[in-house]
Amino acid sequence: MEKSPKVTEFLIKAFRLLSRLVLFVLILFLLVALSIQIPFVQTRITKALTEFITKNSQFQTRICKVRIRWWDAVSLNDVVVRDHHDSLMVDLREVYIDFSIRSLLNTQNPSIDQIKLEEGNVRLLFHADESYINLAEFIARINDLFPSAPRDPNKKPSKFSIENIHLDKTSLDIINYGAIPITEGFDFNNLKFRDLIADADGFYVQGPEIGVKVNYMRGEELTSGLVFQQLKTVFTYTPTFMEFDDLFLRSNQTEVKNYLRFSYDSVGALSYFNSRVTILARLEE
C-alpha cells in the first residue's frame with residue numbers, strides 16, 4: 001500500500017525537525033565543553049564550588065585555580081580546607097583528580113579513579129570527644145549533600161573509595177587531640193610524616209573505618225625520628241583496632257615483615273598504650 005503525498009510530506013518534515021534538534025543538542029554540548037576550558041568560566045565554577053562546599057559542609061574551602069580537563073579530570077591549585085573545628089586539614093599546591101561522573105555521583109558508594117597530591121600537607125585529626133577522623137566527617141557531609149534513598153540503620157554506612165592515590169613531596173599528620181600527651185617513648189597520638197613519596201590502591205572510608213593498600217611509601221616520621229626507606233602494607237583503622245597486614249618496613253637500622261595489630265576499647269585507650277592496648281604480632285627479622 002502506497003503512502004499518500006501528505007503522509008510522505010509529514011514524515012519528511014518530521015525527519016528534518018528531528019535532524020535539526022539533534023544538531024542543536026550537539027552544538028550546545030560542544031559549546032558547553034568548550035566554555036569550561038575558558039579561564040573566566042573555570043574561575044566562576046571554582047567560586048561557586050567552594051562557596052557551596054563551605055556553606056553546606058561547614059568545612060572552610062578555598063581553591064585558587066581549577067583546570068577542567070574535559071569531563072573526567074580536573075586539576076586544583078592551592079587547595080586549602082579547614083575542618084569543622086577550624087583546624088587546617090588540607091594545604092596542597094596541586095591536586096589532580098581523575099574520575100567518572102557516574103561513579104562520583106553514586107550516592108551509596110561514591111568513588112574516584114585517581115588522586116595525585118603534590119607539595120603540601122594533609123592533616124588527619126581526631127578532635128576531643130569525637131571518634132570520627134576529620135576526613136571521614138568531611139566525606140560524610142559531602143555525601144549527604146546529594147539526595148539518596150533513606151538509609152537503612154541495619155546496613156553499613158555508604159563507602160567512599162579512591163582506586164589509586166599518589167603522593168609527591170607531601171606531608172601527613174595523624175593527630176589525636178583528645179589523647180593525653182605522651183612525654184616518653186613513641187607517641188602514637190602525634191604522628192608527623194614528612195617528604196613522603198607514596199603510591200596506594202583501594203583507599204576507602206566507610207563510617208569511622210579507613211583502609212588502604214600501600215604499594216610503597218618512603219619518608220621520615222618526625223615524632224620518632226624514624227627514616228623509612230620503604231613501607232608496604234594493607235592498613236585498616238577502626239575505632240577499636242589498627243591493623244598492618246602484609247607488612248614490610250625497611251629503615252636504616254631494621255627490617256620488619258608480616259603482621260601487626262593494635263586492639264583497644266576506644267580511641268581514647270591509645271593515650272594509655274602500655275596498659276590498654278593489646279598487640280598481636282607475627283613478625284620476621
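Residues numbered from 1 in each chain as written. Predicted model: local features only at pLDDT ≥ 70, side-chain atom pairs only at ≥ 80, totals over all residues. Heavy atoms only, no water.

Q: Whenever I open this one, unusual backbone geometry confuses me. Can you help?
A: A positive phi angle, near 50°, is found at Glu-119, a position not held by glycine. Structurally, Glu-119 is set in strand E4 (residues 111-126). Classification of Glu-119 as partly exposed rests on a relative accessible area of 39%. A positive phi angle, near 55°, is found at Lys-169, a position not held by glycine. Structurally, Lys-169 is set in strand E5 (residues 159-176). On the basis of relative accessible area, Lys-169 is assigned to the exposed category, the value being 54%. (Helix = DSSP H or I, 4+ residues; strand = E, 2+ residues; numbered from the N terminus. Buried < 20%, exposed > 50% of the residue type's maximum accessible area, 1.4 Å probe, protein only.)

Q: How should I be thinking about the pattern of salt bridges in this particular structure?
A: Under the definition given, this model contains 10 salt bridges. In this structure, Glu-137 and Arg-141 form a salt bridge, with 2.8 Å as the shortest nitrogen-oxygen distance. Remark: Arg-141 and Glu-137 occur in helix H4 (residues 134-144); sequence separation between them is four residues, near one turn of the helix. What makes Arg-141 partly exposed here is its relative accessible area of 23%. For the salt bridge of Asp-173 with Arg-194, the shortest nitrogen-to-oxygen distance reads 2.7 Å. You can see Asp-173 sitting in strand E5 and its partner Arg-194 sitting in strand E6 (residues 190-206), a full 21 residues away along the chain. Accessibility expressed as a relative area gives 3% for Asp-173, which makes it buried. Beyond isolated ion pairs, a larger network of salt bridges with shared partners links Arg-93, Glu-94, Glu-118 and Glu-119. (Salt bridge = Lys/Arg side-chain N within 4 Å of Asp/Glu carboxyl O.)

Q: Looking at this structure, I do not really get the nonpolar core. What am I missing?
A: In terms of nonpolar packing, the biggest core is built from 57 residues, with Leu-76, Val-95, Ile-97, Tyr-237 and Tyr-264 touching the most fellow members. Sorting elements by how many residues they give to this core places E6 first, with seven residues. Leave out the neighbours within four places in its chain, and Val-95 touches Val-74, Ser-75, Leu-76, Val-79, Ile-115, Lys-116 and Leu-117. (Core = buried A, V, L, I, M, F, W, Y, C linked by side-chain atoms within 4.5 Å. Contact = heavy atoms within 4.5 Å.)

Q: Looking at this model, I keep getting lost on the pairing of strand E9 (residues 241-251). Mind explaining?
A: For a regular strand, side-chain orientation follows a simple rule: the groups alternate between the two sheet faces. One ladder, built from nine bridges, connects strand E8 (residues 226-238) with E9; its direction is antiparallel. Of the residues in E9, the one forming a bridge with Thr-236 is Glu-243. Between E8 and the antiparallel strand that follows it, E9, lie two residues. Taken together, the eight bridges between E9 and strand E10 (residues 255-263) define a ladder with antiparallel strand orientation. By the bridge assignment, Met-242 is partnered in E10 with Phe-262. (Pairing = 2+ DSSP bridges.)

Q: For this particular structure, what's the right way to read the packing of aromatic side chains?
A: Each aromatic ring pair is summarised here by two numbers: the centre-to-centre distance and the angle between the ring planes. All told, the structure shown has five aromatic pairs when counted by the stated rule. Between the aromatic rings of Phe-126 and Tyr-237, the centroid separation amounts to 5.4 Å while the plane-to-plane angle is 55°, which identifies the pairing as tilted. Remark: Tyr-237 occurs in strand E8 and Phe-126 occurs in strand E4; sequence separation between them is 111 residues. Accessibility assignment for this pair places Phe-126 and Tyr-237 in one class, buried. A connected cluster of aromatic rings, assembled from ring pairs, spans Phe-235, Phe-244 and Phe-262. Just above the ring of Phe-248 sits the side chain of Lys-232; from NZ or CZ to the centre is 5.9 Å. Of note, Arg-282 hangs over the ring of Tyr-259, and the distance from its end group to the ring centre comes to 4.3 Å. (Phe/Tyr/Trp six-rings, centres within 6.5 Å; stacked < 30°, edge-to-face > 60°. Lys NZ or Arg CZ within 6 Å of the ring centre and 35° of its normal.)

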